[in-house]
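Breakdown of the fold
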Amino acid sequence: MQNPSPDGLMPRTRLARLGGVIARHPRSWVAAWVLVAATCFAVAVGGVTGESLFERLHSGAPTVESESSRAQEVIAKSEPALETLTMQVTGADLTDAATLAKGATATKEIARVPGVKTVRSPLLSPAGVTDPRTAFLLEGGSPSAGGFVTVVDFEPGLDKHAQDAAEAQAEQKLLAVPVAMGAKGSVGSTHKVVKAITSTVERDLLRGEGIALPLTFLVMFFVFAGFIAAGMPVVGAVVSIGGALLSLFGFSHVVELDATVVNIVTLLGLGLSIDYGLLTVSRFREELAHRRHEVPTREEVAVAAERTVATAGRTVLFSGLTVAIALAGLLIFEASIMRAIGVAGVSVVLVAMVVAITLVPALCVMGAKRLSRKAVERPSDIGFFSSLAHGVQRRPVLVIVGVVAVLVLLALPTLSMRLTSSGTELLPKDAQQRVFFDQLNRDYPALSSPEVTVVAASSDTSAVTSWAQQFRTAPGVESLAVKPLDSTHQRVDIRVAGRPTSDDAQDLVSRVRDAGASFETLTTGQAAGQIDFLDSMAARAPYAVGLVVLGTFVLLFLMTGSVVMPVKALLLNVISLGAALGVVAWIFQEGHLEGVLGFSSVGAVESMVPFLVLAFGFGLSMDYEVFLLARIVEFHRQGVENDRAVSLGLQRTGRIITSAALLIVIVFAGFVAGDILIIKQMGLALVAAVIIDATLVRMLLVPATMTLLGRWNWWAPRPLRRLHDRFGITE
């Protein structure tokens, strides 16, 4: 069944009227968007305000207000954290008096740098390098190994300019020490790790977009069989990227933005923009096929634009709102980084949505004559996807059982998923700062932070020591030390073998917190912080899920008038996302495909990844659900019976969904090709989610379940039907 010609019969909805305005002034809309995009890039990347977005990024484990953070606050009052710079020296002859003298002379110069508070080095000890008090600064605790470290502490409260200047001068002086001693030296710091991560993120972003944009253009060239049509979604995507970067730049002045947020949010905007642009251009060409003249007249172009914005624009609005609702669920969580991603993500989705219903139609109007050359026939009702639908409809139960079995099998690894919060492990194994800190932790363990720290509210050191002895025999514990923190608190440092978030470390945190004491105790450390973060996420998750489920249900109900289809869509999305997370656990936790994907497994998945995948993956899955359902509903409202409406809907959207999925996979492949571990995990998870959803779910499960349900697809209780008749959103 063909779509009826819209000539003179098109409902004059607000979206249709918007399409008419765009058709009358396309150049003005394009010029306005070019100006907006140029401004966005100039401010966010060009640094016209004095600094760029990438200079304002931070990095660190996700945190929440918790016992761990309260313990850190108590420690910070007595032992304020100072900015430090550490140098490791190897190959020095620490038994030669002349070499030691040269090293000591060069080291003393560091203290003269403005902004330097103290310099800690075995070369400065009055008792020499054999002083037991500085043995922890020597490799292996002995001068015979020829290695030592020098730690520079900076004055607290320095402004950014003074801090940067002090660090630069101190680093220059530090590196002069091994030169004077005929040895080798390397410098590292937390600031350098953050800078390495942010610069890697920036490089990954440029590389990802450098790969994604040309490849998406190439794919769309074959989809549309023309350069003009292929370029329109890409232009819209570039504008959306600019809006995304400006949005993030603005949020960076309100909250601390983690470096990984930029890639996640920007590439989401890129992917959605291309999807929406693909849908809009495809619909415009389809509407041009209704023209009466070989070269479309101005009136015919205007009608096509109005019809495109009224139909494809409506689908884009529904899709954008469902994605925005999915990301809005992140705002429920306590962790500031999750809220930042949620707010920035919603902003980017809105930008992509507005670009798709204003800029892309304007570009279509301007290129209407070129687009019309390929829009000579109305789309066929018979083809690969309708044949696929008919095949599925013949054996719907068999298809449902088979596909669900495959998805459950893929999801099984999630049952054993372990979560972690990596530090330098986020960087590639050969990254300079990761190599530096791996070596520092191996050769100078006393300089690393203890895996578990307990702050005891007691002035009695002996009483706290007696209480703490019970943990010496805990699995993995290597050492335990108690020292006064201030007049009313003691600090218990417990070192545990293995990674900071190992099972032994987490078990010890739980054991300490469960142990009774006659004084208040607060436990902190990386393992404690991760436990508190996950507990906070778990506590807020039901509310976030409730918001997303309710919002999505209401939107899909308003679009379809059914309560069955929204419920079915939600269930299918949960199954497909479980399968995607299973793929992530199988690869990154179990270490499969390390060589192919270029990563080193840490035996776990980054703690933020499951939550972000559920939010972003759910949004993208609903994106394709809306694409398909919108067309099926359109045919159903024309009086087409259920199975025929399903096959027609799949035939008309199958090519678009498949193309959109391929383009999204290309975009998120930029994540997988990146060097930051959490970005790589997110990329692969979203690639898996899109592939699973666009093939197994959208092409097989959806037509199978809709065939099996038959007329029940469109069922709603009578009160809700009346509600939909009054408030339902149609063209």
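Residues numbered from 1 in each chain as written. Predicted model: local features only at pLDDT ≥ 70, side-chain atom pairs only at ≥ 80, totals over all residues. Heavy atoms only, no water.

Turning our eyes to something else, we now look at the overall build of the chain. For the chain, the count of helices and strands is 23 helices and ten strands. Relative to the 2.2 N^0.38 estimate, which gives 27 Å for 731 residues, the radius of gyration of the chain is 30 Å and therefore close to what a compact globule would have. Considering only C-alpha atoms, the chain reaches an extent of 95 × 50 × 40 Å along its principal axes. A total of 731 residues make up the chain; the buried ones form 57% of that total. A fraction of 81% describes how many contacts in the chain between residues 6 or more apart in sequence connect residues 24 or more apart. Here the chain has roughly 29800 Å² of accessible surface; of this, 61% comes from carbon and sulfur atoms. Of the charged side chains in the chain, 61 are positive and 62 negative, and the gap between their average positions amounts to 11 Å. (Helix = DSSP H or I, 4+ residues; strand = E, 2+ residues; numbered from the N terminus. Rg over C-alpha atoms; globule rule 2.2 N^0.38 Å. Buried < 20%, exposed > 50% of the residue type's maximum accessible area, 1.4 Å probe, protein only. Contact = heavy atoms within 4.5 Å. Areas by Shrake-Rupley, 256 points an atom, 1.4 Å probe, with all protein chains shown as cover. Lys, Arg positive; Asp, Glu negative; His and termini not counted. Charge placed at Lys NZ, Arg CZ, Asp CG, Glu CD.)

Position of glutamate 67 relative to the elements: it lies in helix α3 (residues 67-78). What makes glutamate 67 buried here is its relative accessible area of 19%. Separated by 3.3 Å, the side chains of glutamate 67 and arginine 513 make a polar contact. (Polar contact = N/O pair within 3.5 Å; in protein donor to acceptor, adjacent residues only side chain to side chain.)

Two side chains carrying opposite charge are able to pair once their charged atoms lie near each other. Counted under the stated rule, the structure contains 23 salt bridges. Here arginine 631 and glutamate 634 are joined by a salt bridge, their closest N and O atoms 3.4 Å apart. In this pair, arginine 631 and glutamate 634 are both assigned in helix α20 (residues 609-637), three residues apart and thus about one turn of the helix distant. A single salt-bridge network, built from bridges that share partners, covers Arg283, Glu286, Glu287, Arg307, Arg631, Glu634 and Arg652. (Salt bridge = Lys/Arg side-chain N within 4 Å of Asp/Glu carboxyl O.)

So, on to the confidence of the model for the chain. Looking at the chain, the pLDDT average stands at 87 and 96% of residues meet or exceed 70. Predicted confidence is poor over residues 1-10, with pLDDT under 50, and the contacts of this stretch with residues over four places away or in other chains come to 33 contacts. (pLDDT = per-residue confidence, 0-100.)

Our focus in this paragraph is the nonpolar core. Counting residues in hydrophobic clusters, the biggest one holds 185 residues, and the most contacted among them are Met338 and Phe616. Once residues lying within four places of it in the same chain are set aside, the contact partners of phenylalanine 616 are Ile264, Leu268, Leu327, Leu330, Ile341 and Leu686. Within the second largest apolar cluster, 25 residues are counted, among which are Val116, Val119, Val129 and Ala170. (Core = buried A, V, L, I, M, F, W, Y, C linked by side-chain atoms within 4.5 Å.)

To continue, consider the sheet that holds strand β1 (residues 84-90). With antiparallel pairing, the four strands of this open sheet are ordered in space as β2-β3-β1-β4. Each edge of the open sheet carries a strand with a single partner, namely β2 (116-120) and β4 (184-188). Within this sheet the neighbouring strands show an average axis-to-axis angle of 15°, counted without direction. (Pairing = 2+ DSSP bridges. Axes fitted to C-alpha atoms, helices over the stretch in contact; angles between N-to-C directions.)

Let us now look at the environment of alanine 71. Its location among the elements puts alanine 71 in helix α3. Judged by relative accessible area, which is 0%, alanine 71 ranks as buried. Taking C-alpha positions, alanine 71 is 6.2 Å from valine 455, a pair spaced 384 residues apart along the chain. Residue contacts for alanine 71: discarding those within four places in its chain leaves Val455, Leu522, Thr523 and Thr524.

Within the structure shown, the criterion is met by ten aromatic pairs. When the ring of tyrosine 624 is compared with that of phenylalanine 627, the centres are 6.3 Å apart and the planes differ by 80°; the resulting orientation is edge-to-face. Of this pair, tyrosine 624 and phenylalanine 627 are both found in helix α20, three residues apart, which corresponds to roughly one turn of the helix. Each member of the pair, tyrosine 624 together with phenylalanine 627, is buried. (Phe/Tyr/Trp six-rings, centres within 6.5 Å; stacked < 30°, edge-to-face > 60°.)

It is worth spelling out empty space enclosed by the protein at this point. Evaluated as defined, the whole model comprises two cavities of 30 Å³ or more. There is about 140 Å³ of room inside the largest cavity. Taken together, 16 residues form the lining of the largest cavity, with Leu279, Arg283, Thr315, Arg631 and Glu634 sitting closest to its centre. When residues in the lining of the largest cavity are grouped by element, the largest group, five residues, is from helix α9 (residues 298-328). (1 Å grid on protein atoms, 1.4 Å probe; cavity = no way out; pocket = protein on both sides within 12 Å on 5 of 7 lines; lining within 4 Å. Points joined across faces, edges and corners; volume = space filled by probe spheres on them.)

The strand order across the open sheet built from four strands is β7-β8-β6-β9, with neighbouring strands paired in antiparallel fashion. Looking at strand neighbours, the two that pair on one side only are β7 (477-486) and β9 (521-524), the edges of this open sheet. Averaged over all neighbouring strand pairs, the angle between strand axes comes to 20°, with direction disregarded. Packing against the sheet, helix α15 (residues 461-468) makes contact with β6 (452-456), β7, β8 (489-496) and β9, and its axis sits at approximately 160° to β7.

Across the seven residues that make up strand β3 (residues 148-154), a large majority, seven, are buried. Of the two faces of β3, both are covered, the one formed by Phe148, Thr150, Val152 and Phe154 as well as the one formed by Val149, Val151 and Asp153. The pairing of β1 with β3 spans six bridges and is antiparallel. Note that in β3 the partner of leucine 85 across the bridge is valine 152.

A word on the packing of helix α13 (residues 396-411) against helix α22 (residues 677-709). Two numbers describe how α13 lies on α22: the axes approach to 9 Å, and their chain directions differ by 145°. Handedness of the α13/α22 crossing: left-handed. Across the interface between the two elements, Pro396, Val397, Val399, Ile400, Val403, Val404, Val406, Leu407 and Leu410 of α13 pack against Ile692, Leu696, Val697, Leu700, Leu701, Ala704, Thr705, Thr707 and Leu708 of α22. Of the residues belonging to the contact of α13 with α22, the class tally is 16 nonpolar, two polar and no charged. (Left-handed = near helix turned anticlockwise from the far one by under 90°. Nonpolar A, V, L, I, M, F, W, Y, C, P; charged D, E, K, R; others polar.)

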